[in-house]
Protein chains: 2
Amino acid sequence: MNKRGIDIISIGDEILIGQIVNTNSSWMANELNNKALPVNRILAIADTAEAIKEAIAHSGKSAKLVLVTGGLGPTKDDITKKTVCDIFDSKLVLNKEVEDHIRSFFKKRGRDLTKLNSDQALVPDKCKVIFNEEGTAPAMYFERNNTHYIFMPGVPFEMKSLMTNWVIPYFTKLCKVPYIAQKTILTSGMGESFLAEKISDWENTLGKKTSLAYLPSPGRVRLRISVSSEAKEEADDLLNKHIKDLYLIIPDLIFGSDNDTLEGVVGNLLLENGLTLSTAESCSGGLIAHKITSISGSSDYFKGSIVAYSNSIKIHQLGIAETIIEEHGAVSEEVAILMAKNIRKIMQTTYAVSTTGIAGPTGGSIDKPVGTVWIGFAHENGAFAKKYQFGDQRERNTNWTVQTALNTIRKYINNKHDEIKS
Amino acid sequence: MNKRGIDIISIGDEILIGQIVNTNSSWMANELNNKALPVNRILAIADTAEAIKEAIAHSGKSAKLVLVTGGLGPTKDDITKKTVCDIFDSKLVLNKEVEDHIRSFFKKRGRDLTKLNSDQALVPDKCKVIFNEEGTAPAMYFERNNTHYIFMPGVPFEMKSLMTNWVIPYFTKLCKVPYIAQKTILTSGMGESFLAEKISDWENTLGKKTSLAYLPSPGRVRLRISVSSEAKEEADDLLNKHIKDLYLIIPDLIFGSDNDTLEGVVGNLLLENGLTLSTAESCSGGLIAHKITSISGSSDYFKGSIVAYSNSIKIHQLGIAETIIEEHGAVSEEVAILMAKNIRKIMQTTYAVSTTGIAGPTGGSIDKPVGTVWIGFAHENGAFAKKYQFGDQRERNTNWTVQTALNTIRKYINNKHDEIKS
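Keep in mind it's a predicted model, so treat the numbers as computed, not measured. (Residues numbered from 1 in each chain as written. Chains lettered and ligands numbered in written order. Predicted model: local features only at pLDDT ≥ 70, side-chain atom pairs only at ≥ 80, totals over all residues.)

Trainee: Outline the overall build of chain A, supporting the account with residue identities and numerical values.
Mentor: In terms of helices and strands, chain A carries 16 helices and 17 strands. C-alpha extents for chain A along the principal axes are approximately 85 × 55 × 40 Å. Taking all 422 residues of chain A together, 45% fall into the buried category. Counted over contacts in chain A with a minimum sequence separation of 6, partners at least 24 positions apart contribute 67%. (Helix = DSSP H or I, 4+ residues; strand = E, 2+ residues; numbered from the N terminus. Buried ≥ 20, exposed ≤ 12 C-beta atoms within 10 Å, placed from the backbone. Contact = placed C-beta atoms within 7 Å.)

Trainee: With reference to specific residues and values, describe unusual backbone geometry.
Mentor: Residue P361 of chain A follows G360 of chain A across a cis peptide bond; omega there is 0 degrees. Looking at the secondary structure, you find P361 of chain A in the loop between β15 (351–357) and β16 (372–379).

Trainee: Report on the sheet that holds strand β10 (residues 210–217) of chain B, specifying residues and quantitative values.
Mentor: Residue and element names in this part refer to chain B. Reading across the sheet, the four strands line up as β10-β11-β9-β12 and stay open at both edges, with antiparallel pairing between neighbours. On the outer flanks of this sheet lie β10 and β12 (254–257), each paired with one strand and no other. On average, each strand axis in the sheet is inclined to that of its neighbour by 25 degrees, with strand direction left out of account. Bridging between β10 and strand β11 (residues 220–229) involves eight bridges; their strand directions are antiparallel. Counted as the bridge partner of L215 is R222 from β11. Where helix α10 (residues 232–249) meets the sheet, its contacts fall on β9 (179–187), β10, β11 and β12, and the angle it forms with β9 comes to roughly 15 degrees. (Pairing = 2+ DSSP bridges. Axes fitted to C-alpha atoms, helices over the stretch in contact; angles between N-to-C directions.)

Trainee: Tell me what's going on with the pairing of strand β1 (residues 6–11) of chain A, and back it up with residues and numbers.
Mentor: Residue and element names in this part refer to chain A. Among the six residues in β1, six count as buried, and that is most of the element. By the alternation rule, side chains of β1 split into I6, I8 and S10 and D7, I9 and I11, which are all buried. Where β1 and strand β2 (residues 39–45) come together, six bridges link them in parallel fashion. Bridging from a neighbouring strand, S10 pairs with A44 of β2.

Trainee: If you had to explain the relation of the copies chain B and chain A to someone new, which residues and values would you point to?
Mentor: If you rotate chain B by 180 degrees and push it 0.5 Å along the axis, it lands on chain A with an RMSD of 0.6 Å. The symmetry that links the two subunits is that of a two-fold axis. Mapped onto chain A, 100% of the interface residues of chain B again fall at the interface, so both copies present the same surface. (Least-squares fit on C-alpha atoms with pLDDT ≥ 70 in both.)

Trainee: Describe in detail the interface of chain B and chain A, supporting the description with residues and values.
Mentor: Contacts between the two partners involve 48 residues from chain B, matched on the other side by 48 residues from chain A. For the side of chain B that touches chain A, the elements supplying multiple residues, two or more each, are α1 (13–16), α2 (23–34), β2 (39–45), α12 (287–293), β14 (302–308), α13 (311–316), α15 (333–347) and α16 (394–421) of chain B. In terms of residue class, the side of chain B that touches chain A is made up of 23 nonpolar, 21 polar and four charged. Sheet topology note: the β2 of chain A/β2 of chain B ladder contains five bridges and is antiparallel. From the neighbouring strand, I42 of chain A faces β2 of chain B, where its bridge partner is A44 of chain B. (Nonpolar A, V, L, I, M, F, W, Y, C, P; charged D, E, K, R; others polar.)

Trainee: Give me the lowdown on the packing of helix α2 (residues 23–34) of chain A against helix α7 (residues 156–174) of chain A, citing residues and values where you can.
Mentor: Residue and element names in this part refer to chain A. Direction vectors running N to C along α2 and α7 enclose 20 degrees, while the axes themselves pass 11 Å from each other. What the angle tells us is that α2 and α7 run roughly parallel. α2 and α7 meet at a crossing whose hand is right-handed. Facing α2, whose interface residues are N24, W27, M28 and E31, α7 presents P156, M159, K160, M163 and I168. In the contact of α2 with α7, the residues fall into six nonpolar, one polar and two charged. (Parallel < 35°, antiparallel > 145°, perpendicular 65-115°, else oblique. Left-handed = near helix turned anticlockwise from the far one by under 90°.)

Trainee: Any details on the domain arrangement of chain A? Residues and values, ideally.
Mentor: According to the domain assignment, chain A consists of domain 1 (6–174), domain 2 (179–257) and domain 3 (264–421). Distance from the C-alpha centre of domain 1 of chain A to the C-alpha centre of domain 3 of chain A: 48 Å. (Domains from an automatic or database assignment.)

Trainee: With reference to specific residues and values, describe the sheet that holds strand β8 (residues 147–152) of chain B.
Mentor: The mixed open sheet is built from 12 strands, whose spatial order is β6(A)-β7(A)-β8(A)-β3(A)-β1(A)-β2(A)-β2(B)-β1(B)-β3(B)-β8(B)-β7(B)-β6(B). The sheet is open, and its two borders are formed by β6 (128–130) of chain A together with β6 (128–130) of chain B, each paired with just one other strand. Strand-to-strand twist across the sheet, computed as the mean angle between neighbouring axes with direction ignored, equals 20 degrees.

Trainee: I'd like a rundown of α10 of chain B, residues and numbers included.
Mentor: Residue and element names in this part refer to chain B. Across its 18 residues, α10 extends 26 Å between first and last C-alpha, which sits within 8% of the 26 Å expected from 1.5 Å per residue. If you check which residues of α10 are buried, you get A235, L238, L239, H242 and L246. Down the axis of α10, the smallest arc covering the buried residues is 100 degrees, so these residues share one side. In α10, those exposed residues whose orientation departs by more than 90 degrees from the buried face are E233, K244, Y247 and L248. Here the buried face of α10 lies against β9, α9 (200–204), β10 and β11. (Expected span 1.5 Å × (residues − 1). Arc of directions from axis to C-beta.)

Trainee: Explain the environment of G376 of chain A to me, and be specific about the residues and the numbers.
Mentor: All names here are of chain A. Topologically, G376 is positioned in strand β16. Between the alpha carbons of G376 and A405 there is a distance of 8.1 Å; along the sequence they are 29 residues apart. Those residues in contact with G376, other than ones at most four positions away along the chain, are A336, I337, M339, A340, V353, S354, A383 and A385.

Trainee: How would you sum up the pairing of strand β8 (residues 147–152) of chain A? Please name residues and give values.
Mentor: Residues and elements named next belong to chain A. Of all six residues making up β8, five are buried, and the element is well covered by its neighbours. Pairing geometry for strand β3 (residues 65–69) and β8, over five bridges, is parallel. Counted as the bridge partner of L67 is I150 from β8. Counting the residues that bridge the hairpin from strand β7 (residues 139–144) to β8 gives two residues, and of these N145 lies at a positive phi of roughly 45 degrees.

Trainee: A description of the nonpolar core should follow, citing residues and the corresponding values.
Mentor: When a protein is soluble and globular, its nonpolar side chains tend to lie buried together. Within the largest apolar cluster, 131 residues are counted, with the highest numbers of intra-cluster contacts made by M339 and A340 of chain A together with M339 and A340 of chain B. The contact partners of A340 of chain B, leaving out residues within four places of it in the chain, are A280, A352, V353, S354, G376, F377, A378 and A383 of chain B. By size, the runner-up hydrophobic cluster in this structure holds 89 residues, among which are I8 and V39 of chain A together with A63 and Y149 of chain B. (Core = buried A, V, L, I, M, F, W, Y, C linked by C-beta atoms within 7 Å.)

Trainee: Could you give me a rundown of the confidence of the model for chain A, with the residues and numbers involved?
Mentor: In this model, chain A carries a mean pLDDT of 92, and residues with pLDDT of at least 70 account for 98%. For this predicted complex, the interface confidence reaches an ipTM of 0.78, while the overall pTM sits at 0.80. (pLDDT = per-residue confidence, 0-100.)

Trainee: Explain the environment of K35 of chain B to me, using residue names and the numbers behind them.
Mentor: Residues and elements named next belong to chain B. Mapped onto the elements, K35 comes out in the loop between α2 and β2. Among the residues examined, K35 registers 17 C-beta atoms within 10 Å and is labelled partly exposed. In the structure, K35 is positioned 293 residues away from H328 in sequence and 55 Å away in space, judged by C-alpha atoms. Ignoring any residue separated from it by four or fewer positions in sequence, one finds K35 in contact with I168, T172, V177 and I180.

Below, the structure written as structure tokens:
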């Protein structure tokens, strides 16, 4: 049988009893897929010798590479390491280099070294030791009958570091996979199906070496573009060309790439241009402020928010006349504009954004069904508000409102900036 | 080989490329474990005939029950159903009952029936059809060589409905597993190790039929208590006794059970007692307001929040004298108390909670390291504040602050209530 692809095996009872979700495997699968290293199977098994032996034997029959995580913590590595020794006819020996690393690891953190910790320097004599910079348990690499096996600790940041720095580069080279140039372009302001229609001509020009994936979430659509080629330069050039072309079609919709967030992008725009922001939130209930302040350093541009959940706060704290609320309703263009205008004045900021709407599931009417949201924005020369009709789920509506409000700020600053440049 | 336990198999390329996290399997594993139905292995495979055949054959050798999800949507069920027919020597036949169900399902929703949809009424002739109330693809049940196989759609709410209403009751009975009485007790206000020490005497009395699991997260420790017995009544009685005993030891720390949340519990306490709440948030940046308003109906007791991220807002909006901030610093007992007192007055609420602290990663000093947080509380007769030292991660610190602030409100209302009752 011709061996091919990758099996991912997670050792740990906590997955089998449903106590934790196997996010390690998803992360690994995604990273491997991004590098054209295909995953055959993802498996979770108990931390018993029997289960480990059975899984390794089974995967060894068909997979080219077997990646195993878990079972290597200081209180748990007994069974795993003994079993690995049985499988690969090894015995445990002390690895001096790993021992020194563990010693200095604990010294740096001012913690005492226990016997359990120093035992982590015991490794099977027939494995190649792969150093774990982020923790004390090293990874172990075996090769047998044309299958490669790597055993890694299950602690997410240790596993991720080992994958990124060693496993993926090593096997990309070993398997001579074509080079993949990849970027995820982040858009906000248009739903998936409208966006797909708008960029369909562009999509048709992409050609066979390129693949495109739509990854939607409330208020955002991510476009993952992958170009595969034997020649790195060709792939990089082609990817850059695709992205440049895409920018020409939807310049307003793109807010960043890869791991960017709208709150991060907006924060940078405010910071770079010496601008400040405040928010007046009704239906978003403080989530815009929370998103913005989740960025370290946001105190340089974010002054604060008034979460005006009741009408009395809209009246007394945001200074909106009771008659206006009575006439137009709290969920209205007038109120959204006044909320933004007034919070901007109160907090003395360059810009202000406001939200008022019906998050649901109750509170809707025929005129203003659940999901009706007005987002207001105030600037140096005035204010405006726009109406949105989101869905019927409270949590999704809140997220939609927040993403759309952040995108409103981003678009305003960008347009303003363009005006100044032109 | 004696067959035992359950294998869970998910069919779907989207798991193997890391596009989605396999939360279906975690949910199933958790539900099965709660009913003492043990899971051997959790597997994700590609939606190819080869992969499905291999996985079913392999699991059929050792597992008593094989639960398969996915591969049954209207655009994807071709391969899966054909492969299932191959495996179980079946041919596809039209199931009249399923066809009627699909027809009425679409009629109810006012949508047109396509051929793809009506083809979902084709089922293998040798399976027992299990009706899917929530969707159009039925589940299929086979039994062979002392192994039971169930194929279910992968749509979460359809799978969950089938599991809850059919699979779990059926196999609990079939496997004659002991009855499990289970409750998760939610605590806040004490870290895991201190809590474990405090309840260690209680834990020692639990006996062999009971198991206890600690499930910690920032600001909360969940205690999952499971009692297993052949006799339902005995298990229920024993569980109730354990919980009653636990309440006597840590009455203040317990805030609810199972799926309760602190924001929900606090919301109910406010609502039941006709109380109102406002918040003044610095380091929590609006997240308390967001948590509280994530509960539908919260507008009945939550008036609003001032997120005072900058000192100027603390001074001008919360009315804290500049000299006090200069003298004590923004992160201080004095400022926390004034924030709570003043927001209570401004928003005219029964209670108010405030936060001021250093979320990190920057901004710490020797006197006030990252993670220092003051939480203030104001009530009819005054106000108080308490200092906490959380960790060094911004996100965890924010969550810790929010849970602790919510718990402060809960404790105050409970104590007050007890006083009135006594």
